[in-house]
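# Reading the structure
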Amino acid sequence: MLDVNSLERRYGNFVAVKDVTFTIQKGEIVGLLGHNGAGKTTIMKMLSGFLEPHNGSIEMDSLNLAKQLKQAQLKIGYLPENLPVYPELTVADYLDYAAVLKGLSGDTKTAEIKRALHATDLVEKLFAPISTLSRGFKQRVGVAQAILGRPKLLILDEPTNGLDPTQTDQMRELIREIAKDATVILSTHIMQEVEALCDRVLIIKGGTLAVDEKLENLRHSNQLLVTTSMDEHAMQNALNEIGAIAGVESLNVQAKRFSYRLRVQDGRDSDDTAAMVAATIVKGGHALYRLVSEHPDLESLFREVATATRTEGLHHAA
């Protein structure tokens, strides 16, 4: 559906995006993450056709953006972080204008505007000047224009910015519905949004693609957290017998309860190793208070990537 190959963009001597390659299939909701200045916005602008890449290619729904830009843009919906709406226009006039830009006319245009209004819960504001709307309603106007024409590629930059919790839930449902027939790229600093909507993330660092991976794989951990009555000496002896543990870190001691973080050897199954650890502790006559796999959250993973401690081995094509 969307094929991005060796994308590069420069501003003078500064390389904002370098050698970025990825593919996204129809029906995928992919999170595009990165710190401010990492290159996310430049990538989104190139995907929407707003900026031309200096090198590389973008194909969307079998259309080459460099050669068939106008045709491709009719199939793209884009919500930038700061949407340039016209405050003097009413919601109706603005959406009518946006629909014309997307090549809609007649009954099709009317039907699409109605659909977008209902999908974003904007009917009651139809004839309100945009200048009178709250931040949340303006955001919904932006989403409404982005989904006009049922785009094949929908690019959303901070789509829930300014929305209350109820509106946020509605927006998530709308994005899931759109993804049934389209490809969705979601850029946000709110990790809960990515957790709730995406099953795959692209993390940009310094203009390059540091991570392209499914969330399920990123959450996988080879570490176990253990709390037991076994002291450090006894624990080390027990782990030497098991032989599947690559390292042990003592975390704390409280009321003769010892807590450890165990790192499972690469290639060993964490569940099987956990079972062996439990059996060894109990067999030695010690109490086992807790034994769980440590699953890092997305925010922690994002911080690790940003500090270059986890990027190696995570850059895979999904």
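Here goes a summary of the coordinates provided. (Residues numbered from 1 in each chain as written. Predicted model: local features only at pLDDT ≥ 70, side-chain atom pairs only at ≥ 80, totals over all residues. Heavy atoms only, no water.)

## Section: the pattern of salt bridges
- Applying the stated rule across the entire model yields 14 salt bridges.
- Note that K75 and D61 form a salt bridge whose closest N and O atoms lie 3.0 Å from each other. With K75 in the loop between helix 2 (69–73) and strand 6 (76–79) and D61 in the loop between strand 4 (55–60) and strand 5 (63–64), the pair connects residues that are 14 residues apart, well separated along the chain.
- For D61, a relative accessible area of 25% translates into the label partly exposed.
- Among the salt bridges present, the one from D169 reaches R172, with a minimum N-O distance of 3.9 Å. Of this pair, D169 and R172 both sit in helix 6 (residues 165–178), separated by three residues, roughly a single helical turn.
- One salt-bridge network, held together by shared partners, links E28, R200 and D212. (Salt bridge = Lys/Arg side-chain N within 4 Å of Asp/Glu carboxyl O. Helix = DSSP H or I, 4+ residues; strand = E, 2+ residues; numbered from the N terminus. Buried < 20%, exposed > 50% of the residue type's maximum accessible area, 1.4 Å probe, protein only.)

## Considerations on the layout of surface pockets
- Its volume calculated, the largest pocket comes out at about 810 Å³.
- Those elements giving two or more residues to the lining of the largest pocket turn out to be helix 1 (40–48), helix 2, strand 6 and helix 3 (91–101). (1 Å grid on protein atoms, 1.4 Å probe; cavity = no way out; pocket = protein on both sides within 12 Å on 5 of 7 lines; lining within 4 Å. Points joined across faces, edges and corners; volume = space filled by probe spheres on them.)

## Looking at helix 4 (residues 106–119)
- Given a rise of 1.5 Å per residue, 14 residues ought to cover 20 Å, and the 20 Å separating the end C-alpha atoms of helix 4 matches this to within 8%.
- Looking at the buried side of helix 4, the elements it contacts are helix 3 and helix 5 (135–147).
- D121 occupies a position one or two residues after helix 4 and carries a positive phi of about 60°. (Expected span 1.5 Å × (residues − 1). Contact = heavy atoms within 4.5 Å.)

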